[in-house]
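# Residue-level structure breakdown
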Amino acid sequence: MQTVRVGDFRGHVGEEVRVQGWLHNKRSSGKLQFLIVRDGSGFAQAVMARAAVPPEAWEAAEKAGQESSLELTGRVREDKRAPGGYEVEVTGLTMRQAVHDYPITPKEHGIAFLMEHRHLWLRSQRQHAVIRVRHAVVKATRDYLDEQGYTLVDTPILTPAPCEGTTTRFPVRYFDEGTAYLTQSGQLYNEATAAAHGKVYCFGPTFRAEKSKTRRHLTEFWMVEPEMAFARLEDAIRLAEGLVCVVVERVLATRREELLALERDLAKLEQVRPPFPRLHYDDAIKLIRSKGSETQWGSDFGGTDETVIADAHDRPVVVHRFPSAIKAFYMAPTRSAPSCRSPRTSSLRKATARSWGAASAWPITTCCDGASRSTSSPRSRSAGTWTCGSTGRSPTPVSAWASSGW
C-alpha cells in the first residue's frame, strides 16, 4: 500500500492509502470518530466508523490525545465540506505514540505563553500556514531573479562597518582584531560583484538593533537586494513591479488554502497586477495633505502617510522624485530638477510591505559633491563603479547604477 501525503490527496481519490502524521484534533458522534490529522503537507479529516475497524484501533483512537503520532489506512474521497476538500474513510489505525496533556489546546492562549512553547506552537494551523506562505514567497523570489539573469551572491553576515550608518548595530567580538557587526545589508558587497557579473542579488538575514515593538521595526528579517549595472531608475521600477506580481501570483496559485487559514482578503491580492501607478513626490504630498497630514514638502513620509497613499490605490504604487535633501548622497539627481533625486518606493495596501530602489549617481564628482553635503560621516565607499571619501582614487565610471531592496 502506498504512503501518501495529505497534500497529494487530489491525485489519489478512490484509492486505498497509508497516512502517517499527528492527531491535530478530534470529535466523536456515537459510532463515528472524526480525526483531524496533519502530516506537514496539510490537514485532513479521517472518518472512522466503529464497524469498519478492529476493536483495538477504535479504542486507540478514543484514548489518543492531541498531537499523538499515528499511522492510518483508508480510502481517499473528495468532500468539499472537509478540511482541505478531501477526507479518508479509515479501515485501520496504529498509534505510534500516545500523547496526553499537550499544552497548546484549541482554546485561546496569550502570546507570551505561545512564545514560551514556540517549538510546539509551530504545529498549529496558522503558524503552519505562515511558514508555507513564506516558503512560496522565497522560492518565487529566487525563481524570478534567476530567470531574469541575476546571479545569487551570498554576502557576509559579519561585517566591519555599517552599510549606511543610520541604525544601531549588533556588535560581535572578532577574536583579537576588534569588533565586527551583524550585517545590516549586503548592498556594499554586491555593488562590487555587480561589476563582475552585471546583475546580482543577495537574499539573507539582516539585523537591526533598534528596540521597538511596532510592526515597522524588526530586529531580524530576511531581505532580498538586487544590484544591476548600466541601469536606470525605470529598470529598477520594472524589476520591483515584476517581482511583486510574480510573488503574489505564485502564492495565490500554490498557497490559497493557507491564505484563507490566515484570513487574508484574496480579492485585494488578485488586484496586484502591472502596471503599478506612478506618483510624483509632489503629488504624493498633495494627496496626504488633502487627507489631513501635516507633513510638509521636503520631509519623508511617516507610516500614516504611506497608509494614506496605499489606500488611495487598488494595487502597489510607486512614489518617485524625492527631494535630494532627504535622500542618500549617492542617489542620482534628476537632470531636469537637480534638487530632486530618483529613488522610488513601492507600498502595498495598509503598508504591509515596502520596497525601495534608486539609480545611483555615476560621475565621481557627483558622488563626492553629494558626500560633502551629506549629514552622515564622510567615509570611503567602493562599489566597483565609483569611490567617494578621502581616498582620492578615480574609478572608471559606468553609465548608471541601480539598486533595490525588499
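One structure accompanies this document, and this report is about it. Just so we're clear, the structure is a prediction, and the values are computed from it rather than from any experiment.

What counts and what doesn't
Residues numbered from 1 in each chain as written. Predicted model: local features only at pLDDT ≥ 70, side-chain atom pairs only at ≥ 80, totals over all residues. Heavy atoms only, no water. Helix = DSSP H or I, 4+ residues; strand = E, 2+ residues; numbered from the N terminus. Buried < 20%, exposed > 50% of the residue type's maximum accessible area, 1.4 Å probe, protein only. Contact = heavy atoms within 4.5 Å. Areas by Shrake-Rupley, 256 points an atom, 1.4 Å probe, with all protein chains shown as cover. Phe/Tyr/Trp six-rings, centres within 6.5 Å; stacked < 30°, edge-to-face > 60°. Salt bridge = Lys/Arg side-chain N within 4 Å of Asp/Glu carboxyl O. Pairing = 2+ DSSP bridges. Axes fitted to C-alpha atoms, helices over the stretch in contact; angles between N-to-C directions. 1 Å grid on protein atoms, 1.4 Å probe; cavity = no way out; pocket = protein on both sides within 12 Å on 5 of 7 lines; lining within 4 Å. Points joined across faces, edges and corners; volume = space filled by probe spheres on them. Nonpolar A, V, L, I, M, F, W, Y, C, P; charged D, E, K, R; others polar. Parallel < 35°, antiparallel > 145°, perpendicular 65-115°, else oblique. Lys, Arg positive; Asp, Glu negative; His and termini not counted. Left-handed = near helix turned anticlockwise from the far one by under 90°. Patch = residues over 30% accessible without salt bridge, like charges linked within 9 Å, V, L, I, M, F, W, Y side chains within 5 Å. Arc of directions from axis to C-beta.

## Regarding the overall build of the chain
- Along the backbone of the chain there are 11 helices and 19 strands.
- Split into buried and exposed, the 406 residues of the chain put 46% on the buried side.
- Summarising the internal contacts of the chain: among those between residues at least 6 apart in sequence, 61% fall at separations of at least 24.
- When the accessible area of the chain is evaluated, it comes to approximately 21500 Å², of which 52% is carbon and sulfur surface.

## Quick look at the packing of aromatic side chains
- Within the structure shown, the criterion is met by six aromatic pairs.
- Look at Tyr281 and Phe301: their rings are 5.5 Å apart centre to centre, the planes differ by 35°, and that puts the pair in the tilted class. Here the residue Tyr281 occupies a position in helix α9 (residues 281-290), and Phe301 occupies one in the loop between α9 and α10 (303-311), the gap between them amounting to 20 residues.
- Overall, the relative accessible area of 10% leaves Phe301 in the buried class.
- Ring geometry for Phe301 against Phe322: centres 5.7 Å apart, planes inclined by 70°, an arrangement best described as edge-to-face. Pair noted here: Phe301 is in the loop between α9 and α10 and Phe322 is in strand β13 (residues 317-323), with a separation of 21 residues, a long-range link.

## Quick notes on the pattern of salt bridges
- Here the structure, examined in full by the defined rule, presents 20 salt bridges.
- For Asp314, the salt bridge is made with Arg315, and the minimal N-O distance between the two is 2.9 Å.

## Overview of the sheet that holds strand β9 (residues 179-182)
- The antiparallel open sheet is built from three strands, whose spatial order is β7-β9-β8. Only two strands of the sheet have a single partner each, and these edge strands are β7 (158-159) and β8 (171-173).
- With three bridges joining them, β8 and β9 adopt antiparallel strand pairing. Bridge pairing in β9 places Pro171 opposite Tyr181.

## Topic: the sheet that holds strand β2 (residues 32-38)
- Taken together, five strands build a closed barrel; the order of strands is β1-β2-β3-β5-β4 and the barrel is mixed. Pairs of neighbouring strands in the sheet enclose a mean axial angle of 55°, with direction left out of account.
- As paired strands, strand β1 (residues 16-29) and strand β4 (residues 69-78) are joined by seven bridges and run antiparallel to one another. Along β4, the bridge assignment pairs Glu16 with Arg75.

## Thoughts on the layout of surface pockets
- Size it by volume and the second largest pocket reaches roughly 670 Å³.
- In this structure, the second largest pocket is lined by 25 residues; those nearest its centre are Ser41, Gly42, Gly84, Glu257 and Glu258.
- Secondary structure elements with two or more residues in the lining of the second largest pocket: β3 (43-49), α4 (125-147), α6 (233-254) and α7 (256-261).
- Here the lining of the second largest pocket is composed, by residue class, of 10 nonpolar, eight polar and seven charged.

## Notes on the packing of α9 against α10
- Taken N-terminus to C-terminus, the directions of α9 and α10 make an angle of 100°; their axes are 10 Å apart at the nearest point. On the basis of their axis angle, the class for α9 and α10 is roughly perpendicular. Where α9 approaches α10, its residues Ala284, Leu287 and Ile288 are matched on the opposing element by Asp305, Val308 and Ile309.

## A closer look at the side chain of Asp305
- With respect to the element layout, Asp305 can be found in helix α10.
- No salt bridge is formed by the buried Asp305, whose closest oppositely charged neighbour, Arg289, lies at an N-O distance of 8.6 Å.
- Ignoring sequence-local partners within four residues, the contact set of Asp305 consists of Ile288, Ser293 and Thr295.

## Some thoughts on the environment of Thr179
- Looking at the secondary structure, you find Thr179 in strand β9.
- For the pair Thr179 and Ala161, spaced 18 residues apart in sequence, the C-alpha separation works out to 9.2 Å.
- The contacts of Thr179, once residues within four sequence positions are left out, are Pro171 and Val172.

## Details of the packing of α4 against α6
- One can describe the packing of α4 onto α6 by two numbers: an axis separation of 9 Å at closest approach and a directional angle of 140°. By the angle between their axes, α4 is oblique relative to α6. Note that α4 runs across α6; the crossing there is right-handed. Residues Val133, Ala136, Val137, Lys139, Ala140, Thr141, Asp143, Tyr144 and Leu145 of α4 form the contact with α6, whose own contacting residues are Arg238, Leu239, Gly242, Leu243, Val246, Val247, Arg250, Val251 and Thr254.
- Broken down by class, the residue content of the contact of α4 with α6 amounts to 11 nonpolar, three polar and four charged.

## Brief notes about the environment of Leu252
- Relative to the helices and strands, Leu252 is located in helix α6.
- Placed 14 residues apart in sequence, Leu252 and Leu266 show a C-alpha to C-alpha distance of 7.8 Å.

## Comments concerning a nonpolar patch on the surface
- Taken together, the side chains of Leu122, Val130 and Ile131 make up a nonpolar region of the molecular surface, amounting to roughly 230 Å² of accessible area.
- With respect to the secondary-structure elements, Val130 resides in helix α4.

## Section: helix α5 (residues 187-197)
- Among the residues of α5, Gln187, Asn190, Glu191 and Ala194 are the ones counted as buried. An end-on view of α5 places all buried positions within 115° of arc, on one side of the element.
- Immediately beyond the C-terminal end of α5, within one or two residues, lies Gly198, with a positive phi of roughly 85°.

## A few points about the pairing of strand β10 (residues 199-207)
- With respect to burial, β10 is a largely interior element, eight of its nine residues being buried.
- Inspection of the sheet shows strand β6 (residues 151-152) paired to β10 by two bridges, in the parallel sense. Its bridge partner being in β10, Leu152 is matched across the sheet by Tyr201.
- Sheet topology places β10 next to strand β11 (residues 220-229); nine bridges connect them, and they run antiparallel. Residue pairing across strands places Thr206 opposite Phe221, the latter belonging to β11.

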